[in-house]
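A closer look at the structure
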Amino acid sequence: MVRRMRIKSIFKIAILATTWLISFSSQAEPLLSDDEKEVVLFFSYKCNSCYQTSAYLSAWDLQRDDVRVRRVPVFSGETWRAEARLFFLLELSKDRYPLTGFKRRQAAFSLAQTEDMVDSKEYFLSLFRRHGMEFTALEFSQWWDASSVMMLSTQEILEEVSIFHSEVPFVRVNVSGNNEAVYYSGEDPQGLIRQLNKKVN
């Protein structure tokens, strides 16, 4: 019975991770099909410019049904690693609390600025419970294990794009087979939106 439960748990983790990997697999590819438009936001919850532009990008995302928008947390070694982990854990657990994607990201930015985060299972278990989230130990273990798979996949994506780009934050735009990077500052979020509209229209 214990072995059956363990196999079932591993299978569930595999489904969670595979679903995420499939939805993000195109980020590692240099081109999309000719009829697709994709914008990939490389960001960190520790990045001030990312925070300053977050509301504008979220509103733009809602307005552009013709554009596929992805978010990829940036980390290198231990730098920004805990913040990337936070992104994945919140995505995996989003059905457990009534927050929109925008409010979830705003809460995460706030946590990253006020917490001295550590990339450990015990730390995040305590953090989530301190903020009123309800879940079982098994549920959290599944989220943690799935997030570890996602971190490995994201690291491969980051290694792929770092060949061409070394700055953060930036947005990668793919339209009709053309792949471009857009660098931006939080001081001019509307300028970023104008650039995106120009490139995807």
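All of these numbers come straight from a predicted model, not from anything done at the bench. (Residues numbered from 1 in each chain as written. Predicted model: local features only at pLDDT ≥ 70, side-chain atom pairs only at ≥ 80, totals over all residues. Heavy atoms only, no water.)

**Quick word on the overall build of the protein**
Note the following rule: Helix numbering and strand numbering both begin at the N terminus, where a helix is a DSSP run of H or I of at least 4 residues and a strand a DSSP run of E of at least 2. The cut-offs for exposure are 20% and 50% of the maximum accessible area for each residue type, with area from a 1.4 Å probe on protein chains only; residues under the lower value are buried, those over the upper are exposed, and the others partly exposed. We call two residues in contact when some of their heavy atoms are within 4.5 Å.
Regarding its fold elements, the protein presents 7 helices and 4 strands. A burial count over the protein gives 45% of its 201 residues as buried. In the protein, of all internal contacts separated by at least 6 residues, the share reaching a separation of at least 24 is 71%.

**Some points on helix 5 (residues 121-130)**
Defined as follows: Arc definition: it is the arc formed by the directions from the helix axis to the C-beta atoms.
Buried within helix 5 we find Y123, F124, L127 and F128. The arc that holds the buried residues of helix 5, viewed along the axis, is 125°, so those residues lie on one side. Immediately downstream of helix 5, the backbone of G132 shows phi near 85°, a positive value.

**Comments concerning the sheet that holds strand 4 (residues 178-183)**
Put simply, the rule is: Following DSSP output, two strands are said to pair if at least two bridges run between them. For every element, the axis is a line fit to its C-alpha atoms; helices are fit only across the contacting stretch, and the angle between N-to-C directions ranges from 0 to 180 degrees.
Taken in spatial order, the 4 strands of this open sheet run 2-1-3-4, and their pairing is mixed. With partners counted over all chains shown, the strands left at the sheet margins are strand 2 (68-73) and strand 4, one partner each. The average angle at which neighbouring strand axes cross in this sheet is 20°, direction not considered. By the bridge criterion, 6 bridges tie strand 1 (residues 37-43) to strand 3 (residues 170-175) in an arrangement that is antiparallel. Each residue of the ladder has a partner; that of E38, found in strand 3, is N174.

**A word on empty space enclosed by the protein**
To find the voids left in a structure, one rolls a probe of water-molecule size over its atoms. Cut-off, in case you're wondering: Using only the protein atoms, space was sampled on a 1 Å grid; points where a 1.4 Å probe fits but cannot get out form cavities, open sets with protein on both sides within 12 Å along at least five of seven lines form pockets, and lining residues are those with an atom within 4 Å of a point. Grid points are joined across faces, edges and corners, and a volume is the space filled by probe spheres set on the points. In this count, Pro and Cys sit with the nonpolar residues alongside Ala, Val, Leu, Ile, Met, Phe, Trp and Tyr, while Asp, Glu, Lys and Arg are called charged and the others, Gly among them, polar.
The final tally for this structure, using the stated rule, is 1 cavity of 30 Å³ or more. Here the largest cavity is characterised by a volume of approximately 120 Å³. The wall of the largest cavity is formed by L41, F43, C50, T53, S54, L57, S58, R71, R105, F109 and Y184. The dominant element in the lining of the largest cavity, judged by the number of residues it contributes, is helix 2 (residues 48-63), at 5 residues. Across the lining of the largest cavity, the residue classes break down as 6 nonpolar, 3 polar and 2 charged.

**Let's talk about unusual backbone geometry**
Unusually for a residue other than glycine, W80 sits at a positive phi of about 65°. Note on placement: W80 falls in the loop between strand 2 and helix 3 (81-92).

**What about the pairing of strand 3?**
Taking burial as the measure, the 6 residues of strand 3 include 6 buried ones, the bulk of the element. Along strand 3, one buried face is formed by F170, R172 and N174 and the opposite face, lined by V171, V173 and V175, is buried too. Here strand 3 pairs with strand 4 via 6 bridges, running antiparallel. Looking at the pairing, F170 lines up with Y183 of strand 4. Remark: 2 residues form the turn of the hairpin made by strand 3 and strand 4, two consecutive strands paired antiparallel; S176 in that turn has positive phi of roughly 50°.

**Some details on the packing of aromatic side chains**
Selection rule: Working definition: a ring pair exists when centres of Phe, Tyr or Trp rings (six-membered ring for Trp) sit within 6.5 Å. Plane angles under 30 degrees give stacked, over 60 give edge-to-face, the rest tilted.
Evaluation of the coordinates by the stated rule reveals 16 aromatic pairs. Ring centres of F140 and W144 lie 6.4 Å apart, and the angle between their planes is 25°; on these two criteria the pair is classed as stacked. Taken together, the residues span about one helical turn, with F140 and W144 both in helix 6 (residues 137-161) at a distance of 4 residues. On the basis of relative accessibility, which here comes to 1%, the residue F140 falls in the buried class.

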